[in-house]
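Examination of the molecular architecture
Here is how the chains run, residue by residue.
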Amino acid sequence: ISHAATASENWENNCTKCHGADGKGQTKVGKKLTLKDYTDAKVQAELKDADLTKAIADGVFDAGKEKMKAYKGELSAAEITDLVAYIRKFKG
């Protein structure tokens, strides 16, 4: 029986390459994709939990091109919910 990974483990393993450990999106890939800064209160206010959940589950596409892969096959619904809460903690 595998235990569910914690949100911080999932962030570390799946998200930091692009979004950075600090959520600012200032990585090489993050800058290229012009990712949002999750420490910015204005950015956080504009993001709905449902939108974050959908992005993590279904991935993000821009003009048919995949910008972020879907994680619904790898993460449980509970892990995705926990990840959304984790992202909220970046807000300063």
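Data block above holds the structure.
Worth saying up front: this structure is predicted, and the values here are computed from it rather than measured. In this numbering scheme, every chain counts its residues from 1 along its sequence in written order. Predicted model: local features are reported for residues with pLDDT of at least 70 only, side-chain atom pairs are reported and counted for 80 or more only, and whole-chain, interface and lining totals are derived from all residues. To get the side-chain values, take all heavy atoms of the structure and skip hydrogens and water.

Think of it this way: side chains of opposite charge can pair up when their charged atoms draw near. Any Lys or Arg side-chain nitrogen located within 4 Å of an Asp or Glu carboxyl oxygen qualifies as a salt bridge. Scanning all chains against the criterion turns up five salt bridges. Across the salt bridge formed by D58 and K54, the nearest N and O atoms sit 3.3 Å from each other. One end of the pair, D58, and the other, K54, are both in helix α4 (residues 49-58), four residues apart, so they sit about a helical turn from each other. Via salt bridges that share partners, K54, D58 and K72 belong to a single interconnected network. Secondary structure counts use DSSP, requiring at least four H or I residues in a row for a helix and at least two E residues in a row for a strand, with both numbered from the N terminus.

In most cases, non-glycine residues show a negative phi, while peptide bonds are predominantly trans. Positive phi, close to 45°, is recorded for T34, a residue that is not glycine. Counting through the fold element by element, T34 comes out in the loop between α2 (28-32) and α3 (41-46). At A63, a position not held by glycine, the phi torsion is positive, near 55°. Assessed through its relative accessible area of 83%, A63 is described here as exposed. Buried residues are those whose accessible area, probed at 1.4 Å on protein chains only, stays under 20% of the maximum for their type, while exposed residues exceed 50% and partly exposed ones sit between those limits.

On to the pairing of strand β2 (residues 65-68). What makes two strands pair is DSSP finding at least two bridges between them. One ladder, built from three bridges, connects strand β1 (residues 60-62) with β2; its direction is antiparallel. Counted as the bridge partner of D62 is K65 from β2.

Centre distance within 6.5 Å is the pairing criterion for rings of Phe, Tyr and Trp, where only the six-membered ring of Trp is used; planes under 30 degrees apart are then read as stacked, over 60 as edge-to-face, and the remainder as tilted. The full count for this structure, using the stated rule, is four aromatic pairs. With a centroid separation of 5.9 Å and 45° between ring planes, the pair formed by W11 and Y86 is classed as tilted. Placement of the pair is W11 in helix α1 (residues 7-19) and Y86 in helix α5 (residues 77-88), with a sequence separation of 75 residues. An aromatic cluster is defined as three or more aromatic residues linked by ring pairs; in this entry it consists of W11, Y38, Y86 and F90.

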